[in-house]
Amino acid sequence: MHEYSVVQALLNQCEEQARDNNATEVIKVICKIGVLSGIEVQLLQTAFDTFKEKTICENAELVLNKQKLKLECKECGDIFEVDEVRYYCANCESLRVKVLDGEDMYLMSLEMK
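All values reported here derive from a predicted model rather than from experimental measurement. (Residues numbered from 1 in each chain as written. Predicted model: local features only at pLDDT ≥ 70, side-chain atom pairs only at ≥ 80, totals over all residues. Heavy atoms only, no water.)

A.B. asks: Which parts of the structure should I look at to understand the sheet that holds strand β3 (residues 69–73)?
C.D. replies: Spatially, three strands are ordered β4-β3-β5 in an open sheet, and the strand pairing comes out antiparallel. With one partner strand each, in any of the chains shown, β4 (79–82) and β5 (97–101) form the two edges of the open sheet. Each neighbouring strand pair of the sheet contributes to a mean axis angle of 35 degrees, computed without reference to strand direction. Across four bridges, the pairing between β3 and β4 is antiparallel. Bridging across to β4, Glu72 finds its partner in Ile79. (Pairing = 2+ DSSP bridges. Helix = DSSP H or I, 4+ residues; strand = E, 2+ residues; numbered from the N terminus. Axes fitted to C-alpha atoms, helices over the stretch in contact; angles between N-to-C directions.)

Here it is, written out as structure tokens:
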């Protein structure tokens, strides 16, 4: 389960940001998770709840926003989003598409005090 290592990296990043901003507590952690990130949302939430104890995020709420797969067609130029893994254009059905978003997990913002 790589969600545990992802959470450890996330908590380290939160600690660093809090330290850089002279914060004593993180209240909310907001992340964007792409459908192709390989992250299982429920496992990530469980790992966060488990490992946040005795950290600056101990009382923090984790908000996980799913990012659809955003594609651009190299044939017709159409840009579109899909919920599932699908590598063809919804407009012209070309297989020549480029992934623009939806492959990664990002820390979007922190609420601190």
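Once the structure has been displayed, the description carries forward.
A.B. asks: I'm lost on the side chain of Lys32 in this one. Help?
C.D. replies: Assignment of secondary structure puts Lys32 in strand β1 (residues 26–34). Look at Lys32 and you get buried, because its relative accessible area is 16%. Among all residues touching Lys32, those that are not within four sequence positions of it are Asn65, Gln67, Asp101, Asp104, Met105, Tyr106 and Met108. (Buried < 20%, exposed > 50% of the residue type's maximum accessible area, 1.4 Å probe, protein only. Contact = heavy atoms within 4.5 Å.)

A.B. asks: Is there a simple way to explain the packing of helix α1 (residues 3–20) against helix α2 (residues 41–51) in this structure?
C.D. replies: For any two helices packed against each other, the geometry comes down to the angle between their axes and how far apart the axes lie. Remark: α1 packs on α2, axes separated minimally by 9 Å, with the N-to-C direction vectors making an angle of 55 degrees. In terms of their interaxial angle, α1 and α2 are classed as oblique. Considering the relative orientation of α1 and α2, their crossing is right-handed. Contacts between α1 and α2 involve Glu3, Tyr4, Val6, Val7, Gln8, Leu10 and Leu11 on the former and, on the latter, Leu43, Leu44, Ala47, Phe48 and Phe51. (Parallel < 35°, antiparallel > 145°, perpendicular 65-115°, else oblique. Left-handed = near helix turned anticlockwise from the far one by under 90°.)

A.B. asks: How should the pairing of β1 be read in this particular structure?
C.D. replies: Working note: regular strand, side chains alternate between the two faces of the sheet. Relative to strand β6 (residues 105–112), β1 runs antiparallel, the two sharing seven bridges. Within the sheet, the bridge partner assigned to Lys32 lies in β6 and is Tyr106. Where β1 meets strand β2 (residues 61–67), seven bridges bridge the pair, whose relative direction is parallel. Within β2, the position partnered with Cys31 by the bridge is Leu64. Tracing the backbone out of β1, into α2 and back to the parallel element β2 gives a crossover that is right-handed. (Right-handed = clockwise from strand over helix to strand, strands pointing away.)

A.B. asks: What should I look at first to understand α2 in this one?
C.D. replies: Note that an α-helix has 3.6 residues per turn; residues three or four places apart therefore point the same way. Residues of α2 that are buried: Leu44, Ala47 and Phe48. Relative to the axis of α2, the buried residues are bounded by an arc of 100 degrees and lie together on one face. Turning to α2, the residues buried within the fold contact α1, β1, β2 and β6. (Arc of directions from axis to C-beta.)

A.B. asks: What is the right way to look at the sheet that holds β6 in this model?
C.D. replies: The strands that make up a sheet are held in pairs by hydrogen bonds between backbone atoms, and each pair lies either parallel or antiparallel. Spatially, three strands are ordered β2-β1-β6 in an open sheet, and the strand pairing comes out mixed. Looking at strand neighbours, the two that pair on one side only are β2 and β6, the edges of this open sheet. The sheet shows a mean angle of 15 degrees between the axes of neighbouring strands, direction not considered. Contacts from α1 reach β1, β2 and β6, with the element oriented near 40 degrees to β6.

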